[in-house]
Amino acid sequence: MLAPLVTGLTERFESRSLGGVALHAVHRGDPSRPKLVLLHGGGANAHWWDHLAPTLAERFHVVALDFRGHGDSDYPDALEVGAFDRDLEALLEHLGGPDALLMGHSMGGRVALDHAARRARSGPRAVVAIEVARGANSRERRRTRLALAARRTYRTREQAIARFRFLPSTPGSSEALRRAIAEHSVRREADGRFGFKFDPRWFGLPPAAAPDPAQIACPTLVVRGGESTLLTAAGAAALVSEIPGAKLVEIPGAGHNVQLERPAELLEIAARFLRDFA
(Lines give C-alpha, C1' and ligand atoms only; values in the text may rest on other atoms or scores of the structure.)
Protein backbone atom coordinates (compact mmCIF):
# COMPACT_ATOMS: atom_id res chain seq x y z
CA MET A 1 0.00 0.00 0.00
CA LEU A 2 1.27 3.48 -0.84
CA ALA A 3 1.87 5.93 1.97
CA PRO A 4 -0.28 9.07 2.19
CA LEU A 5 0.80 12.21 0.37
CA VAL A 6 2.79 14.18 2.95
CA THR A 7 5.31 16.99 2.59
CA GLY A 8 8.21 16.00 4.85
CA LEU A 9 10.78 18.34 6.39
CA THR A 10 12.35 20.84 4.00
CA GLU A 11 15.67 22.68 4.08
CA ARG A 12 17.80 24.94 1.94
CA PHE A 13 21.56 24.62 1.94
CA GLU A 14 24.60 26.10 0.20
CA SER A 15 28.04 24.73 -0.53
CA ARG A 16 31.24 26.44 -1.65
CA SER A 17 31.16 24.26 -4.75
CA LEU A 18 27.80 25.75 -5.78
CA GLY A 19 29.08 29.30 -6.21
CA GLY A 20 26.32 30.88 -4.15
CA VAL A 21 23.45 28.77 -5.47
CA ALA A 22 21.15 27.50 -2.70
CA LEU A 23 19.46 24.14 -3.14
CA HIS A 24 16.25 22.82 -1.60
CA ALA A 25 15.69 19.28 -0.35
CA VAL A 26 12.90 17.34 1.36
CA HIS A 27 13.89 14.96 4.17
CA ARG A 28 11.98 12.00 5.57
CA GLY A 29 12.94 9.24 7.98
CA ASP A 30 15.52 8.73 10.69
CA PRO A 31 18.79 10.55 9.83
CA SER A 32 20.76 7.68 11.39
CA ARG A 33 19.52 5.25 8.74
CA PRO A 34 21.24 4.69 5.37
CA LYS A 35 20.68 7.64 3.05
CA LEU A 36 18.57 7.29 -0.08
CA VAL A 37 18.71 10.31 -2.41
CA LEU A 38 15.84 10.80 -4.89
CA LEU A 39 16.57 12.75 -8.09
CA HIS A 40 13.75 14.09 -10.26
CA GLY A 41 13.59 14.45 -14.03
CA GLY A 42 13.73 17.58 -16.18
CA GLY A 43 10.90 20.00 -15.46
CA ALA A 44 9.91 18.10 -12.31
CA ASN A 45 10.80 18.65 -8.64
CA ALA A 46 11.33 16.88 -5.33
CA HIS A 47 7.59 16.52 -4.71
CA TRP A 48 7.18 14.11 -7.62
CA TRP A 49 8.37 11.54 -5.04
CA ASP A 50 5.91 12.48 -2.26
CA HIS A 51 3.70 9.43 -2.77
CA LEU A 52 6.66 7.00 -2.60
CA ALA A 53 9.08 8.62 -0.17
CA PRO A 54 7.19 8.02 3.10
CA THR A 55 7.18 4.25 2.55
CA LEU A 56 10.87 4.26 1.59
CA ALA A 57 11.55 6.31 4.74
CA GLU A 58 10.47 3.38 6.89
CA ARG A 59 13.93 1.91 6.16
CA PHE A 60 15.99 4.83 4.91
CA HIS A 61 16.75 8.48 5.51
CA VAL A 62 15.16 9.69 2.27
CA VAL A 63 16.27 13.00 0.76
CA ALA A 64 14.56 14.34 -2.37
CA LEU A 65 16.56 17.08 -4.10
CA ASP A 66 15.42 20.01 -6.23
CA PHE A 67 18.06 20.59 -8.89
CA ARG A 68 18.88 24.25 -9.53
CA GLY A 69 16.32 25.91 -11.76
CA HIS A 70 13.66 23.53 -10.45
CA GLY A 71 11.24 23.44 -7.54
CA ASP A 72 12.28 25.60 -4.59
CA SER A 73 16.00 25.72 -5.33
CA ASP A 74 17.61 28.88 -6.71
CA TYR A 75 17.11 29.91 -10.33
CA PRO A 76 20.54 31.30 -11.32
CA ASP A 77 20.83 33.52 -14.39
CA ALA A 78 23.95 31.68 -15.58
CA LEU A 79 23.51 28.27 -17.16
CA GLU A 80 26.39 25.84 -16.64
CA VAL A 81 26.95 22.53 -18.40
CA GLY A 82 27.18 19.81 -15.76
CA ALA A 83 25.55 21.94 -13.05
CA PHE A 84 23.12 19.19 -12.00
CA ASP A 85 26.04 16.83 -11.43
CA ARG A 86 27.57 19.42 -9.10
CA ASP A 87 24.24 19.83 -7.33
CA LEU A 88 24.21 16.12 -6.47
CA GLU A 89 27.81 16.21 -5.29
CA ALA A 90 27.06 19.22 -3.09
CA LEU A 91 24.08 17.46 -1.54
CA LEU A 92 26.13 14.35 -0.78
CA GLU A 93 28.82 16.51 0.81
CA HIS A 94 26.14 18.28 2.83
CA LEU A 95 24.78 14.92 4.01
CA GLY A 96 28.19 13.90 5.26
CA GLY A 97 29.44 11.31 2.80
CA PRO A 98 29.38 9.95 -0.76
CA ASP A 99 28.03 6.47 0.02
CA ALA A 100 24.31 7.17 -0.28
CA LEU A 101 21.93 5.12 -2.37
CA LEU A 102 20.69 6.96 -5.47
CA MET A 103 17.34 6.64 -7.23
CA GLY A 104 16.65 8.92 -10.16
CA HIS A 105 14.03 9.34 -12.86
CA SER A 106 14.88 10.35 -16.44
CA MET A 107 17.37 13.24 -16.17
CA GLY A 108 17.86 12.41 -12.48
CA GLY A 109 18.63 8.80 -13.38
CA ARG A 110 21.25 9.95 -15.86
CA VAL A 111 22.84 12.21 -13.22
CA ALA A 112 22.93 9.25 -10.81
CA LEU A 113 24.57 6.93 -13.37
CA ASP A 114 27.13 9.55 -14.41
CA HIS A 115 27.99 10.20 -10.76
CA ALA A 116 28.47 6.49 -10.14
CA ALA A 117 30.74 6.20 -13.18
CA ARG A 118 32.89 9.14 -12.08
CA ARG A 119 33.10 7.94 -8.48
CA ALA A 120 33.65 4.23 -8.99
CA ARG A 121 35.83 3.87 -5.87
CA SER A 122 34.06 6.28 -3.54
CA GLY A 123 30.60 6.61 -4.98
CA PRO A 124 27.07 5.43 -4.23
CA ARG A 125 26.29 2.09 -2.67
CA ALA A 126 23.69 1.34 -5.36
CA VAL A 127 21.74 3.08 -8.14
CA VAL A 128 18.15 2.73 -9.33
CA ALA A 129 17.87 4.44 -12.73
CA ILE A 130 14.26 4.85 -13.86
CA GLU A 131 13.47 5.63 -17.48
CA VAL A 132 16.81 7.12 -18.50
CA ALA A 133 15.98 8.21 -22.05
CA ARG A 134 17.74 6.18 -24.71
CA GLY A 135 16.77 4.85 -28.11
CA ALA A 136 14.03 7.40 -28.82
CA ASN A 137 13.90 8.83 -32.32
CA SER A 138 14.88 12.47 -32.81
CA ARG A 139 11.28 13.53 -33.46
CA GLU A 140 10.13 12.11 -30.11
CA ARG A 141 12.98 13.77 -28.22
CA ARG A 142 12.34 17.10 -29.93
CA ARG A 143 8.62 17.00 -29.19
CA THR A 144 9.24 16.42 -25.47
CA ARG A 145 11.93 19.12 -25.33
CA LEU A 146 9.71 21.70 -27.03
CA ALA A 147 6.79 20.90 -24.73
CA LEU A 148 8.98 21.47 -21.69
CA ALA A 149 10.47 24.65 -23.12
CA ALA A 150 7.08 26.33 -23.62
CA ARG A 151 6.80 28.97 -20.91
CA ARG A 152 3.11 29.43 -20.08
CA THR A 153 1.75 31.54 -17.26
CA TYR A 154 -1.75 32.03 -15.84
CA ARG A 155 -3.66 34.79 -14.11
CA THR A 156 -4.32 32.86 -10.90
CA ARG A 157 -2.65 30.11 -8.93
CA GLU A 158 -5.75 27.93 -9.25
CA GLN A 159 -5.72 28.28 -13.04
CA ALA A 160 -2.08 27.18 -13.12
CA ILE A 161 -2.80 24.17 -10.90
CA ALA A 162 -5.73 23.18 -13.09
CA ARG A 163 -3.62 23.41 -16.26
CA PHE A 164 -0.62 21.54 -14.84
CA ARG A 165 0.12 18.35 -16.79
CA PHE A 166 2.78 15.67 -16.62
CA LEU A 167 5.14 15.49 -19.61
CA PRO A 168 5.18 13.33 -21.58
CA SER A 169 1.49 12.44 -21.36
CA THR A 170 0.81 10.13 -18.41
CA PRO A 171 -2.71 8.73 -18.81
CA GLY A 172 -2.27 6.08 -16.13
CA SER A 173 -1.76 8.54 -13.27
CA SER A 174 -4.61 9.55 -10.97
CA GLU A 175 -6.17 12.99 -10.77
CA ALA A 176 -5.46 13.06 -7.02
CA LEU A 177 -1.75 12.54 -7.68
CA ARG A 178 -1.69 15.14 -10.45
CA ARG A 179 -3.35 17.68 -8.17
CA ALA A 180 -1.07 16.94 -5.22
CA ILE A 181 2.08 17.41 -7.29
CA ALA A 182 0.64 20.48 -9.04
CA GLU A 183 0.13 22.16 -5.64
CA HIS A 184 3.93 22.05 -5.17
CA SER A 185 4.78 22.94 -8.77
CA VAL A 186 3.33 26.46 -9.17
CA ARG A 187 4.97 29.77 -8.27
CA ARG A 188 4.23 33.47 -8.66
CA GLU A 189 6.32 35.09 -11.38
CA ALA A 190 7.84 38.58 -11.27
CA ASP A 191 4.91 40.00 -13.24
CA GLY A 192 2.38 38.64 -10.73
CA ARG A 193 1.15 35.81 -12.94
CA PHE A 194 1.60 32.13 -12.03
CA GLY A 195 3.84 29.65 -13.79
CA PHE A 196 5.49 26.33 -13.12
CA LYS A 197 8.55 25.72 -10.95
CA PHE A 198 11.24 25.13 -13.52
CA ASP A 199 13.42 27.22 -15.80
CA PRO A 200 12.92 26.04 -19.42
CA ARG A 201 16.26 27.52 -20.51
CA TRP A 202 18.01 24.43 -19.12
CA PHE A 203 16.45 22.25 -21.82
CA GLY A 204 18.40 24.03 -24.56
CA LEU A 205 21.76 23.44 -22.86
CA PRO A 206 24.00 20.71 -24.34
CA PRO A 207 24.68 17.82 -21.96
CA ALA A 208 28.03 17.32 -20.31
CA ALA A 209 30.29 14.64 -21.72
CA ALA A 210 29.08 11.33 -20.31
CA PRO A 211 31.59 9.15 -18.46
CA ASP A 212 32.07 5.50 -19.42
CA PRO A 213 29.22 3.46 -17.83
CA ALA A 214 31.58 0.50 -17.71
CA GLN A 215 33.23 2.30 -14.78
CA ILE A 216 30.12 1.91 -12.61
CA ALA A 217 31.09 -0.46 -9.82
CA CYS A 218 27.99 -0.44 -7.61
CA PRO A 219 24.84 -2.60 -7.97
CA THR A 220 22.61 -0.97 -10.57
CA LEU A 221 18.96 -1.48 -11.45
CA VAL A 222 17.48 0.00 -14.64
CA VAL A 223 13.68 0.33 -14.71
CA ARG A 224 11.75 0.77 -17.95
CA GLY A 225 8.07 1.49 -18.51
CA GLY A 226 6.80 -1.12 -20.94
CA GLU A 227 5.05 1.50 -23.11
CA SER A 228 7.83 4.09 -22.99
CA THR A 229 8.90 5.79 -26.20
CA LEU A 230 11.82 7.63 -24.56
CA LEU A 231 13.58 4.54 -23.21
CA THR A 232 12.99 1.91 -25.85
CA ALA A 233 13.40 -1.81 -25.23
CA ALA A 234 16.52 -1.81 -27.40
CA GLY A 235 17.85 1.29 -25.66
CA ALA A 236 17.35 -0.25 -22.22
CA ALA A 237 19.04 -3.49 -23.24
CA ALA A 238 22.01 -1.56 -24.64
CA LEU A 239 22.34 0.54 -21.48
CA VAL A 240 22.28 -2.50 -19.20
CA SER A 241 24.87 -4.27 -21.35
CA GLU A 242 27.30 -1.39 -20.75
CA ILE A 243 27.04 -1.41 -16.95
CA PRO A 244 28.79 -4.34 -15.25
CA GLY A 245 26.28 -6.57 -13.46
CA ALA A 246 23.32 -4.24 -14.06
CA LYS A 247 19.79 -5.62 -13.99
CA LEU A 248 16.78 -4.55 -16.05
CA VAL A 249 13.15 -4.64 -14.92
CA GLU A 250 10.26 -3.62 -17.16
CA ILE A 251 6.89 -2.54 -15.76
CA PRO A 252 4.11 -3.38 -18.22
CA GLY A 253 1.53 -0.75 -19.04
CA ALA A 254 3.62 2.22 -17.93
CA GLY A 255 5.08 4.99 -20.03
CA HIS A 256 8.01 7.30 -19.28
CA ASN A 257 6.61 8.53 -15.95
CA VAL A 258 6.43 5.04 -14.53
CA GLN A 259 6.56 6.26 -10.92
CA LEU A 260 3.29 8.12 -11.51
CA GLU A 261 1.45 5.48 -13.53
CA ARG A 262 2.54 2.34 -11.67
CA PRO A 263 3.76 3.61 -8.29
CA ALA A 264 2.94 0.47 -6.31
CA GLU A 265 4.82 -1.77 -8.75
CA LEU A 266 7.81 0.55 -8.83
CA LEU A 267 7.86 0.80 -5.04
CA GLU A 268 7.84 -2.98 -4.71
CA ILE A 269 10.66 -3.40 -7.24
CA ALA A 270 12.81 -0.66 -5.72
CA ALA A 271 12.26 -1.88 -2.15
CA ARG A 272 13.23 -5.42 -3.14
CA PHE A 273 16.43 -4.19 -4.79
CA LEU A 274 17.36 -1.85 -1.93
CA ARG A 275 16.51 -4.10 1.01
CA ASP A 276 20.07 -5.46 1.23
CA PHE A 277 21.30 -1.92 1.91
CA ALA A 278 18.85 -1.02 4.69
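Notes on the structure follow. (Residues numbered from 1 in each chain as written. Predicted model: local features only at pLDDT ≥ 70, side-chain atom pairs only at ≥ 80, totals over all residues. Heavy atoms only, no water.)

Let's shift gears to the packing of helix H2 (residues 83-95) against helix H3 (residues 107-118). For the pair H2 and H3, the least separation of the axes is 10 Å and the interaxial angle reads 70 degrees. With respect to H3, the element H2 is oriented roughly perpendicular. In terms of crossing hand, the pair formed by H2 and H3 is right-handed. Touching Phe-84, Asp-85, Leu-88, Glu-89 and Leu-92 of H2 are Met-107, Val-111, Asp-114, His-115 and Arg-118, all from H3. Split into classes, the residues belonging to the contact of H2 with H3 amount to 5 nonpolar, 1 polar and 4 charged. (Axes fitted to C-alpha atoms, helices over the stretch in contact; angles between N-to-C directions. Helix = DSSP H or I, 4+ residues; strand = E, 2+ residues; numbered from the N terminus. Parallel < 35°, antiparallel > 145°, perpendicular 65-115°, else oblique. Left-handed = near helix turned anticlockwise from the far one by under 90°. Contact = heavy atoms within 4.5 Å. Nonpolar A, V, L, I, M, F, W, Y, C, P; charged D, E, K, R; others polar.)

For the peptide bond that leads from Leu-167 to Pro-168, omega is -10 degrees, which places it in the cis range. Within the fold, Pro-168 resides in the loop between helix H5 (157-163) and helix H6 (175-183). With a phi angle near 55 degrees, Ser-106 is a residue other than glycine that sits in the positive phi range. Along the chain, Ser-106 turns up in the loop between strand E5 (101-105) and H3. By relative accessible area, Ser-106 is classed as buried at 16%. The phi angle at Glu-131 is positive, at roughly 55 degrees, despite the residue not being glycine. Mapped onto the elements of the fold, Glu-131 is located in the loop between strand E6 (126-130) and helix H4 (138-149). By relative accessible area, Glu-131 is classed as buried at 0%. (Buried < 20%, exposed > 50% of the residue type's maximum accessible area, 1.4 Å probe, protein only.)

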